[in-house]
Amino acid sequence: MSQSPVMERRSPDTGVGGRGPAEAAFIRIDGARKVFTQRSGGAVPVLDNVDLAIAENEFVSFIGRSGCGKTTLLNMIAGLEDVSAGRIAIAGKVVTGPGQGQGVVFQQHALFPWLTAVDNVAFGFRKSGLAKAERCRRALELLSLVGLDAAAGRYPREMSGGMQQRVSIARALALDPQILLMDEPFGALDELTRIELQQELLRIWEARRKTIVFVTHSISEALTLSDRIVLLASNPGRIKRIFPVDLPRPRLRTDPGFNALYQAIWNELST
Amino acid sequence: MKPLSRLSAASDLTLGLIGAFLAVAAWEISARTGLVDPAIFPSPSLAIRAAAERLTAETVADNLFWSLLRVFSGFLLGALAGAAVGIAAGWYRGFGALARPLIELLRPIPPLAWIPLAIIWFGLGEPSKFFIIFLGAFFPVVTAAYQGMRSIDPMLLKAAQTFGLSGVPLLLRVAVPAAAPDLATGVRIGWGLSFGVLVAAELIAADRGLGYMIINERNTGGSVGVIVVGILLIGALNLITDAAIGAAIKRWIGRWHGA
Ligand SMILES: Nc1ncnc2c1ncn2[C@@H]1O[C@H](COP(=O)(O)OP(=O)(O)OP(=O)(O)O)[C@@H](O)[C@H]1O
Ligand SMILES: [Mg+2]
C-alpha cells in the first residue's frame, strides 16, 4: 500500500479517515464537472465544480436526491466516465481509466449473465495469478460471506435482485481493491440482510484498510457506516454540505448524537 | 390464451400427431377417390411405392450425402466469416464504418440472384454452389453479430474494465458472450437460408444432390411419386438439422439466456 508522507501526519487517535479537505488526500477531486452531450446535440450539465478530498482508509458516503449525479461522480472516480473539466487523482496520479485500484459495485449489479454466481465472483480473481481451483475455492468463500453458498451454481437470471446485488459485492471484494466504490450496494436487500452486510462491510473495511466511497439513499445507513457524509444537491449536481460523523462505532440508532445528525441531514436534504 | 396454456407438452404433441395423421389420411383418400389426379399428385402410398421401385438406398444416400456436405461446408464457413466480420464491425469503429455500407448494399440481393455470376466465375462445379450457400449463411449472421455487438449493455463492459480487462481479452471474454444470443438467432436464420439456397442451386445446376434428384426425375419423365418423396425428404432433412441446431443453441446459451 502506498503511504504518502503527508498521510503519516494523521493523528492516530482519529482511527481512520481524514476530517477535512485540509488533510492529505488519497482521492482528490478538483473542480470536477460533468457535461453529458445528448444525441440531439444538447449539453446537460450534470456535475458542477465538485471539490472533495478523501483520505486513505476513509469511509465516505454520498447522499442526495435521485438524479443528482452520485452515480456519475462515482463512475468518474472509477475512471469509467470522463471528467468534462477539472481533475480527479488517486494517490497523486490523475485517473485516466479503470484499474488504478478501484473496485466497483454497480447500482445495476452488472453481473455477467453467462456466468454462474461462483464464476462471476471468480472473474474478480482474474488478475490474481491464482490457479483455477484456488480461485473457485475463494469465490465460494466470498459467496458464503454474503450468504449465498447455496446459489453458487445459479445464473444471474435465476437469482432475485438482492441475490444478484450480493454476488456483485462478492465479485468486487474478490478484486481486493484499495478503493471500493459502492453504488447503493444494499439498496435491494431486506432490513436484516442489510444490517448483516453493513457489519460485514465495516469488518472488512477495518481489517483490510480500504478506502470506501458509498452511495446510499438511507441517512441511517450513511450514519451507521461513514466517517463523513457528503450531501449533494441537484441541477446541476454539486456538494451542498459535508457532515463529519464523529460517533464511536458500533453506532446505535438510539444514540442521541446519531439522532441529532440524522435530523440535521434530513433538514438539509429536504430544503 | 388461457385454454391453450393449460395444455401440457404431451397433449400438444398428441394433437400435433393427430393433425399430421388427418392431413395424410385426407391426402390418401382424395387421391384414391379420384378427387385429385394420381398422375400429377399421387397418394402417399403410391408415391412411396414408386420411390421404392425407382430409387435405391444407395442413390438416395449418395444424393443426401452431397447435399449435406455442400450445405454444411458453405454454411459453416459463411457463418464463421459472418460472425467474424460482424463482431469486428461492431467492435472496431473504423472497420465498422468501412464494412457496413458495403454489407448493407449487398445484403438485399437474394443469394440466388448470384447464381449466373457464380457460374461464370466458378463454373458448374462445387465452388459455385459453395459460394451461394456461403452467402446464404453470411448475411444473416453478419447482420445479427453486428446487432448483437451494438446492443451490449455498456455496464458489462465497464464492469469488466474494472477487473483490468481491455482490448482483445475484453472482446473475447465479455463482448462476444454478451452478443451470443443475437449471434445464435442469426446462425439459425442463416442455416434456414443456406438450406433453401442449396436446394435451389441443385435444382438449377448440379449433377447430384437431393435437388438434382427431383429435378432429374422431372426432366427424364420419371415418376411424380419420386418427386413427392424427394420433396418430403428435403423437408425432413431441414426439420431435423434445424432442430439439432436449435438444441445446440439451447445447450449453449439456453440456461443463462432463457431462450
Ligand atoms: N449517459 C448519460 N447521458 C445523459 N445524461 C445522463 C447520462 N447518465 C446520467 N445522466 C443524467 O445525469 C444525472 C445524474 O445521473 P446519476 O445516475 O449520476 O444520478 P444518481 O444521483 O446516481 O441518481 P439515483 O439516485 O437515481 O441513482 C441525471 O439527471 C441523468 O439523467
Ligand atoms: Mg445512481
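Now for a look at the structure at hand. (Residues numbered from 1 in each chain as written. Chains lettered and ligands numbered in written order. Predicted model: local features only at pLDDT ≥ 70, side-chain atom pairs only at ≥ 80, totals over all residues. Heavy atoms only, no water.)

1. Here we look at the coordination of the magnesium ion (ligand 2)
Residue and element names in this part refer to chain A. Coordination sphere of the magnesium ion (ligand 2), protein contribution only: T71 (OG1) and Q107 (OE1), at 1.9 to 2.2 Å. In this pair, T71 sits in helix α1 (residues 70–78) while Q107 sits in the loop between β6 (102–105) and α2 (117–123), placing the two residues 36 residues apart along the sequence. Q107 gets classed as partly exposed once you look at its relative accessible area, which sits at 29%. (Donors = N, O, S within 2.8 Å, 3.2 Å for Na, K, Ca; no water. Helix = DSSP H or I, 4+ residues; strand = E, 2+ residues; numbered from the N terminus. Buried < 20%, exposed > 50% of the residue type's maximum accessible area, 1.4 Å probe, protein only.)

2. Overview of unusual backbone geometry
Residues and elements named next belong to chain A. Following N235, the chain continues to P236 via a peptide bond in cis, the omega torsion being -10°. Mapped onto the fold, P236 is located in the loop between β9 (228–233) and β10 (238–244). The backbone of N57 shows a phi angle near 70°, a positive value even though the residue is not glycine. Within the secondary structure, N57 sits in the loop between β2 (43–54) and β3 (59–64). Here N57 falls in the buried class, since its relative accessible area comes to 8%. You will see that A91, though not glycine, has its phi angle at about 50°, which is positive. One can find A91 in the loop between β4 (85–90) and β5 (93–94).

3. Brief notes about the sheet that holds β9 of chain A
Residue and element names in this part refer to chain A. Ordered in space as β6-β7-β8-β3-β9-β10, the six strands form an open sheet in which the pairing is mixed. The sheet terminates laterally at β6 and β10, the two strands that pair on one side only. With direction set aside, neighbouring strand axes in the sheet form an average angle of 20°. As defined by bridge partners, strand β7 (residues 179–183) adjoins strand β8 (residues 211–215) across five bridges and the pair is classed as parallel. Along β8, the bridge assignment pairs D183 with V215. (Pairing = 2+ DSSP bridges. Axes fitted to C-alpha atoms, helices over the stretch in contact; angles between N-to-C directions.)

4. Quick word on helix α8 (residues 154–162) of chain B
Of all nine residues making up α8 of chain B, seven are buried, and the element is well covered by its neighbours. Looking at the packing, one finds that the buried side of α8 of chain B touches β6, α2 and α4 (161–174) of chain A together with α4 (57–91) and α9 (167–204) of chain B. Where α8 of chain B ends, the next residue or the one after it, G164 of chain B, has phi of about 85°, a positive value. (Contact = heavy atoms within 4.5 Å.)

5. Quick look at the nonpolar core
Within the largest apolar cluster, 92 residues are counted, with the highest numbers of intra-cluster contacts made by I27, I29, F62 and F112 of chain A together with V174 of chain B. Looking at this core, the element that brings in the most residues is α9 of chain B, giving 16 residues. (Core = buried A, V, L, I, M, F, W, Y, C linked by side-chain atoms within 4.5 Å.)

6. A word on the site of ligand 1
All names here are of chain A. F36, V46, S66, G67, C68, G69, K70, T71, T72, Q107, E184 and H217 make up every residue found near ligand 1. In the environment of ligand 1, an oxygen atom lies 3.3 Å from a nitrogen or oxygen atom belonging to the backbone of C68. At 2.6 Å, a side-chain N or O of T71 approaches an oxygen atom of ligand 1. Taken together, the residues of the shell around ligand 1 sort by class into three nonpolar, seven polar and two charged. (Near = heavy atom within 4 Å. Polar contact = N/O pair within 3.5 Å; in protein donor to acceptor, adjacent residues only side chain to side chain. Nonpolar A, V, L, I, M, F, W, Y, C, P; charged D, E, K, R; others polar.)

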